[in-house]
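Here's the letter readout for the chains.
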Amino acid sequence: MKKIYMIGSIIVVLGIIAGISFFIIRDMTSKIPDNISLVTMHNEKYEFSKSEKKLKLVEFMYTHCPDICPTTTQRMNLLKNDLVAEGVFGKNVEFISVSIDPYRDTPERMAKYMKTFDIEDDGNWTLLTGDQENMKQDQKEIRELAETFQFQYRDPGDGFYVHSTFVFLLDENNKFIKKFPMGEDFDKDDVFKKIMKEI
């Protein structure tokens, strides 16, 4: 009887290890597909395949979000100040905020959001949304981009999205390095240390 329990325990442990390994390997090999092309807050085309060779901190958000998204944006702005002080923001790292609500988040609205949070428009923090002329395709590409990193979101019907709560650090080739919590749990000092370690 003990032998059966022992074998059963080993099988369970091996199953857990295999499951954890799967998720670790999946995250480590995640890379933004080259076909993703969206528009910026200036209504200019942005292609990830042609983006600069810098570390990227990617935030998925929407401007009508009442809590987690604006809190994350505020803390990212504080993080930016720390990176500017080190002389690496813009040179080695840039920020990208991608709207999961492109119908409402027009380029004009994204530009307004940028001003609301006093984000300097220096070309190193890009806000992305869908092209109003190509909305169905861009919605698919935003979904594909989010799912690359297992970021899930849905509109329950009231316009307030239910979504995952992580931001993602990518390397110069748009490959996953690490994810960090959003909102009140976003620790700018922790993110800062990881970014400086990668530079």
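Above: the structure in question.
The residue count restarts for each chain, going from 1 along the sequence in the order it is written. Predicted model: local features are reported for residues with pLDDT of at least 70 only, side-chain atom pairs are reported and counted for 80 or more only, and whole-chain, interface and lining totals are derived from all residues. Computation of side-chain values covers all heavy atoms of the structure but excludes hydrogens and water.

(A) The sheet that holds strand S5 (residues 125-129), seen in detail. In this description, strands pair whenever DSSP reports at least two bridges between them. Every helix listed is a DSSP run of H or I at least four residues long, and every strand listed is a run of E at least two residues long, numbered separately from the N terminus. Taking strand neighbours across the sheet as the criterion, the seven strands line up as S2-S1-S5-S4-S3-S8-S9 in an open arrangement whose pairing is mixed. Two strands in the sheet have a free side with no partner beyond their single neighbour: strand S2 (45-47) and strand S9 (176-181). Shown here is a sheet whose adjacent strand axes are inclined to one another by a mean of 35°, direction ignored. Here five bridges tie strand S8 (residues 166-170) to S9, and the two strands are oriented antiparallel to one another. Each bridged residue has a counterpart across the sheet, and for Phe168 the counterpart in S9 is Lys179. Throughout, a residue-residue contact means that at least one pair of heavy atoms, one from each residue, lies within 4.5 Å. Axes, fitted as lines to C-alpha atoms, cover a helix only where it is in contact. Angles between the N-to-C directions of the axes lie from 0 to 180 degrees. Each of strand S3 (55-61), strand S4 (93-99), S5 and S8 is contacted by helix H2 (residues 68-85), which is oriented at about 160° to S3, the strand it contacts most. Along the sheet, helix H5 (residues 188-198) contacts S3, S4, S8 and S9; its crossing angle with S9, the most-contacted strand, is approximately 170°.

(B) Highlighting the pattern of salt bridges. By definition here, a salt bridge exists when the distance from a side-chain nitrogen of Lys or Arg to a carboxyl oxygen of Asp or Glu is within 4 Å. Counted under the stated rule, the structure contains twelve salt bridges. The salt bridge involving Arg75 is made with Glu184; its shortest N-O contact spans 2.8 Å. Of the two residues, Arg75 is situated in helix H2 and Glu184 in the loop between S9 and H5; the sequence distance between them amounts to 109 residues. Given the relative accessible area of 24%, Arg75 is considered partly exposed. Classification of Glu184 by relative accessible area gives exposed; the value is 59%. Salt-bridge contacts for Arg104 lead to Asp101; the nearest nitrogen and oxygen are separated by 2.6 Å. Three exposure classes are used, based on accessible area relative to the maximum for each residue type with a 1.4 Å probe and protein chains only: buried under 20%, partly exposed in between, and exposed over 50%.

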